[in-house]
Amino acid sequence: MTFTPHSRLTRRALVSAALAVGAASILPTAAASPAMASTGPRAFQRRDGHPAPEITDCTGWGAREASEPVVLLASRPVKIIIHHTATANVTDYSRERALRLARAIQTYHMDMQGWIDTGQHFTISRGAFVLEGRHHSLAALDAGAQTVRGAHCVGQNNVAIGIENEGTYMTVQPPPAQFSVLADLCACVCRQYDVPASEIYGHRDFNSTACPGDTLYALLPKLREDVARRLGSAEPVSLPRRPEHPPLDRPADPAAAADAHSEYLPEGLLGSLRHG
């Protein structure tokens, strides 16, 4: 989810709009989610027996409780939306960095954006660690029948799984291991929810933003193909269904001219790992 110092107000306005849209578009079948057990990092055998990437759940990275019950919708998601965090392209690929990042994102989303929890469903660190974002997203994925309502893309939070990728990908590509795990995770989501590989989008397809960065966005056709191969398909992937009214006037990205920029997360949230 990308913004610059100039566009931060725009992004925060989009956050407010997301909350308003979410409140106005509650499905008749929506209900507060029941308590679901969390057990830390684990690798599941999904519905068709295929392994999934190891995913650290909210308990595993030390998440706070959501400020109000997370909503579990009775319908499945129909698409995946790819984001980047617009944070520094660090070379600290450790698991500890990934856990600190997850906590920092939740703090930012809850305390500074006013959301009830982390906005996205999953986060992938530059070290290729996969973390659950919003509470109960992992249990819902494992069951494959319901969607946790997110707060990652205006107008799509009831119907799309949001995946954040740590880093800023305007001028550089994600580390190969991160991109490979992204394909693994997307394939898992597609299998569990019967989402076609063609239904993988970038945040900018729906909102006025540079996210997930020019370079990562240009890799989405490859991502769809990689996911399709993981799903066992040798057929060309059809083009995604573009929005009828694509967003205009996307703001510039904070790292359009350089990779070594400051974090969008406020000072102190990542502590000593900010410039790792």
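Keep in mind it's a predicted model, so treat the numbers as computed, not measured.

Enquirer: Help me understand the overall build of the chain in this model?
Expert: Counting its regular elements, the chain contains seven helices and nine strands. The buried share among the 276 residues of the chain stands at 55%. Considering only contacts in the chain between residues 6 or more positions apart, those separated by 24 or more positions represent 78%. For the chain, the accessible surface area stands at approximately 11,100 Å², while carbon and sulfur atoms represent 56% of it.

Enquirer: Help me understand the sheet that holds strand S5 (residues 122-124), please; the structure alone is not making it clear to me.
Expert: Each strand in a sheet pairs with its neighbour through backbone hydrogen bonds, running either in the same direction (parallel) or in the opposite one (antiparallel). Across the sheet, six strands lie side by side as S2-S6-S5-S8-S4-S9; this open sheet has mixed pairing. Strands at the two margins of the open sheet, each flanked by one partner only, are strand S2 (55-56) and strand S9 (200-202). Sheet topology places S2 next to strand S6 (residues 130-132); two bridges connect them, and they run parallel. Looking at S6, one finds that Ile55 is bridged to Val130. Against the sheet, helix H7 (residues 220-230) engages strand S4 (79-84) and S9, with an angle of about 160 degrees to S9.

Enquirer: I'm lost on the nonpolar core in this one. Help?
Expert: Side chains of a nonpolar character, in soluble globular proteins, are inclined to be buried together. Residues Ile80, Ile82, Ile163, Leu182, Cys186, Leu223 and Val227 are the most contacted members of the largest nonpolar core, which totals 38 residues. Elements with a contribution of two residues or more to this core: S4, S5, helix H4 (137-143), strand S8 (160-165), helix H5 (176-193) and H7. Here this core gets eleven residues from one element, more than from any other, and that element is H5. Leaving out residues up to four positions away in the same chain, Val227 has contacts with Ala183, Cys186, Ala187, Cys190, Ala197 and Ile200. With six residues, the next largest nonpolar core counts Trp61, Ala98, Leu99 and Ala102 among its residues.

Enquirer: Explanation requested: the packing of aromatic side chains in the structure shown.
Expert: Here a ring pair, both rings aromatic, is described through the centre-centre distance and the interplanar angle of the planes. Within this structure, the stated rule accounts for one aromatic pair. Between Lys79 and the ring centre of Tyr201, over which it is positioned, the NZ or CZ distance is 5.6 Å. Sitting over the ring of Tyr217, Arg204 keeps its end group 4.8 Å from the ring centre.

Enquirer: Help me understand the packing of H5 against H7, please; the structure alone is not making it clear to me.
Expert: Axes are the key here: two packed helices are described by the angle between their axes and the distance separating the axes. Packing of H5 against H7 brings their axes to within 9 Å, and their N-to-C directions diverge by 60 degrees. The pairing of H5 with H7 is recorded here as oblique in orientation. Handedness of the H5/H7 crossing: right-handed. Contact residues: H5 offers Phe179, Ser180, Leu182, Ala183, Asp184, Cys186, Ala187, Cys190 and Arg191, while H7 offers Lys222, Leu223, Asp226, Val227 and Arg230. Of the residues contributing to the contact of H5 with H7, the split by class is eight nonpolar, one polar and five charged.

Enquirer: Which parts of the structure should I look at to understand the side chain of His121?
Expert: Looking at where His121 falls in the secondary structure, it is placed in the loop between helix H3 (95-112) and S5. Taking the relative accessible area as the measure of exposure, His121 reaches 1% and is therefore buried. Every residue in contact with His121, bar those within four places of it in the chain, is listed here: Leu131, Glu132, Gly133, Arg134, Ser137, Val148, Arg149, Gly150, His152, Ala160, Ile161 and Gly162.

Enquirer: Where do I start with the pattern of salt bridges in this structure?
Expert: Note that side chains of opposite charge can pair when their charged atoms are close. The full count for this structure, using the stated rule, is eight salt bridges. Across the pair Glu166 and Arg97 runs a salt bridge, and its minimum N-O distance is 2.6 Å. Of this pair, Glu166 sits in the loop between S8 and H5 while Arg97 sits in helix H3, and the two are 69 residues apart along the sequence. Owing to a relative accessible area of 1%, Arg97 belongs among the buried residues under this scheme.

Calculation rules
Residues numbered from 1 in each chain as written. Predicted model: local features only at pLDDT ≥ 70, side-chain atom pairs only at ≥ 80, totals over all residues. Heavy atoms only, no water. Helix = DSSP H or I, 4+ residues; strand = E, 2+ residues; numbered from the N terminus. Buried < 20%, exposed > 50% of the residue type's maximum accessible area, 1.4 Å probe, protein only. Contact = heavy atoms within 4.5 Å. Areas by Shrake-Rupley, 256 points an atom, 1.4 Å probe, with all protein chains shown as cover. Pairing = 2+ DSSP bridges. Axes fitted to C-alpha atoms, helices over the stretch in contact; angles between N-to-C directions. Core = buried A, V, L, I, M, F, W, Y, C linked by side-chain atoms within 4.5 Å. Phe/Tyr/Trp six-rings, centres within 6.5 Å; stacked < 30°, edge-to-face > 60°. Lys NZ or Arg CZ within 6 Å of the ring centre and 35° of its normal. Parallel < 35°, antiparallel > 145°, perpendicular 65-115°, else oblique. Left-handed = near helix turned anticlockwise from the far one by under 90°. Nonpolar A, V, L, I, M, F, W, Y, C, P; charged D, E, K, R; others polar. Salt bridge = Lys/Arg side-chain N within 4 Å of Asp/Glu carboxyl O.

By themselves these figures say nothing about function.
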